[in-house]
Amino acid sequence: MNTAYQSLCARLMMAGVPDARFDAVQLYKFVTGRDPRLDNGPTPDEASSLRVLGERRAAREPLQYLLGEWDFMDFTLKVGRGVLCPRADSEVVCEAAIELLKDAEAPVVYDLCAGTGCLGLGIARHLPGAAVTCVEKSADAWPYLTANVAGTGVQAVQDDIFTYYNRLPSGGADLIISNPPYLTAEEMAHLMPETAREPAMALDGGADGLDFYRLLTAHYRDALRPGGWLVLEIGCAQAADVLNELPLYVNQKASATVAEMETLARKVPGLALIVVDYLGKISPGDRGRISSRYDYTTEISGAIKTLARRFRVPVLTLAQLNRESEARQDHRPQLSDLRDTGAIE
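Draft legend 1. Spotlight on the overall build of the protein chain. Looking only at helices and strands, the protein chain has 16 helices and 10 strands in total. Split into buried and exposed, the 345 residues of the protein chain put 56% on the buried side. Contacts spanning at least 24 positions in sequence make up 69% of the contacts within the protein chain whose residues lie at least 6 apart. Accessible area of the protein chain: about 14,900 Å², with a carbon and sulfur share of 52%.

The following block contains the structure:
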């Protein structure tokens, strides 16, 4: 029996670590390069390193920080203290952007509040012709962003999005994507222990959590070309509040036809934005899947694009996440573990 592994599991469980056994496996593999379930035990040096990492995890330091990297979609990102951990939930937002741009030739994309660069890099990886720029203000997150974009063709810019729009050409972007800080002051006061170790700059959205949405919807519209897309990740209960920040909008369901949408749009003089509100929900049972699922159809994409071009307006797409999946730290199994268990080929 691997007593070191069993002891590590027990230590993490006693500390209240979610998914303690999964974390113990990851830490053991990280230190030894071997699966603890098939190993007789660590060497003395390995055991010493394992105890140190085990205590750090028991103190609720994020597993991602201890491992120094984490999978997002089908690639791996460098992570560590000072940058927001990439989560499987955000894959929904990235997949939506990829779907919207799949027919575009050499689209221009900006990833604002980029952090690790996961959203911009996901788009660039699946749309090689895209010109992607990741914008991040934090000096602590900057080294991770530059390391992740190195050799990918994605450009990294260190700047403040509260003024960066002044330096963007009018109508030059096909899509702007962002996972901005969106926690309220009340939520910031009651964070999960792991989330409390992540940078407040990447989490705090102001008193009502909407500061960045006000900025993005008010100041980045002009940077989009006619029919361009503004794709935002929002909190699980923020859809109505974000929509209320827009001066005028039309909220359509996936069953709406172009004609129906056009009729509604004509009833709104000076229409500023068309809003597609769809749900990108990840249930606990979906955790560990390679591809996130969302209720989105190519038919509505085509209808929205047609109407957007006709009325020459940008479009705001909301990916609304469910509370369970964003309330706790994501512990998505790495790709190698999924292969080991037969979850994927």
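Draft legend 2. Examining the pairing of strand S5 (residues 155-158) more closely. In this sheet, S5 lies alongside strand S4 (residues 131-136) in parallel orientation, the contact comprising 4 bridges. If you follow cysteine 134 over to S5, its bridge partner there is alanine 156. Read as a crossover between parallel neighbours, the route from S4 over helix H7 (residues 142-149) to S5 is right-handed.

Draft legend 3. Region of the structure containing the nonpolar core. Phe72, Ile123, Val132, Leu175 and Ile177 are the most contacted members of the largest nonpolar core, which has 28 residues in total. If you list the elements that add at least two residues to this core, you get strand S2 (75-78), helix H5 (89-101), helix H6 (118-126), S4, H7, strand S6 (173-178) and strand S7 (224-234). Top element by residues in this core is H5. It accounts for 6 residues. Once residues within four sequence positions are removed from consideration, isoleucine 177 is found in contact with Val93, Cys94, Ala97, Tyr110, Asp111, Leu112, Leu119, Ile123 and Val231. Core analysis: the second largest hydrophobic core is formed by 27 residues, Leu84, Tyr110, Ile176 and Ile234 among them.

Draft legend 4. Spatial organisation of unusual backbone geometry. The backbone phi angle of alanine 106 is positive, close to 50°, even though this residue is not glycine. Assignment of secondary structure puts alanine 106 in the loop between H5 and strand S3 (108-112). Despite not being glycine, cysteine 113 shows a phi value in the positive range, around 60°. Of the residues examined, cysteine 113 reaches a relative accessible area of 19% and is grouped as buried.

Draft legend 5. Structural detail: the packing of aromatic side chains. For the structure on display, the rule yields 5 aromatic pairs. Relative to phenylalanine 75, the ring of phenylalanine 72 lies with its centre 5.8 Å away and its plane at 70°, an arrangement referred to as edge-to-face. With relative accessibility at 0%, the residue phenylalanine 72 sits in the buried group. An angle of 75° between the planes, with centres 5.1 Å apart, marks the rings of phenylalanine 162 and phenylalanine 212 as edge-to-face. Here the residue phenylalanine 162 occupies a position in helix H8 (residues 161-164), and phenylalanine 212 occupies one in helix H11 (residues 211-219), the gap between them amounting to 50 residues.

Draft legend 6. Here's a closer look at the pairing of strand S1 (residues 69-72). Inspection of the sheet shows S1 paired to S2 by 4 bridges, in the antiparallel sense. Bridge pairing links tryptophan 70 to leucine 77 in S2. Where S1 folds back onto S2 in an antiparallel hairpin, the turn is made up of 2 residues, including methionine 73, whose phi is positive at roughly 50°.

Draft legend 7. Representation of helix H1 (residues 3-14). In this model, H1 (12 residues) spans 16 Å end to end at C-alpha, consistent with the 16 Å of a helix rising 1.5 Å per residue. Restricting attention to buried positions, one finds in H1 the residues Tyr5, Leu8, Cys9 and Leu12. All buried residues of H1 fall inside an arc of 100° around its axis, so they share one side. Opposite the buried face of H1, by more than 90 degrees, sit the exposed residues Thr3 and Met14. Looking at the buried residues of H1, the elements they touch are helix H2 (20-32) and helix H3 (44-58). Where H1 terminates, the next one or two residues include glycine 16, which has phi positive at roughly 80°.

Draft legend 8. Spatial organisation of the environment of methionine 73. Its place among the elements puts methionine 73 in the loop between S1 and S2. A relative accessible area of 7% places methionine 73 in the buried class. Through-space distance from the C-alpha of methionine 73 to that of cysteine 118 is 8.8 Å; in sequence the pair is 45 residues apart.

Each value, and the rule that gives it
- Residues numbered from 1 in each chain as written.
- Predicted model: local features only at pLDDT ≥ 70, side-chain atom pairs only at ≥ 80, totals over all residues.
- Heavy atoms only, no water.
- Helix = DSSP H or I, 4+ residues; strand = E, 2+ residues; numbered from the N terminus.
- Buried < 20%, exposed > 50% of the residue type's maximum accessible area, 1.4 Å probe, protein only.
- Contact = heavy atoms within 4.5 Å.
- Areas by Shrake-Rupley, 256 points an atom, 1.4 Å probe, with all protein chains shown as cover.
- Pairing = 2+ DSSP bridges.
- Right-handed = clockwise from strand over helix to strand, strands pointing away.
- Core = buried A, V, L, I, M, F, W, Y, C linked by side-chain atoms within 4.5 Å.
- Phe/Tyr/Trp six-rings, centres within 6.5 Å; stacked < 30°, edge-to-face > 60°.
- Expected span 1.5 Å × (residues − 1).
- Arc of directions from axis to C-beta.

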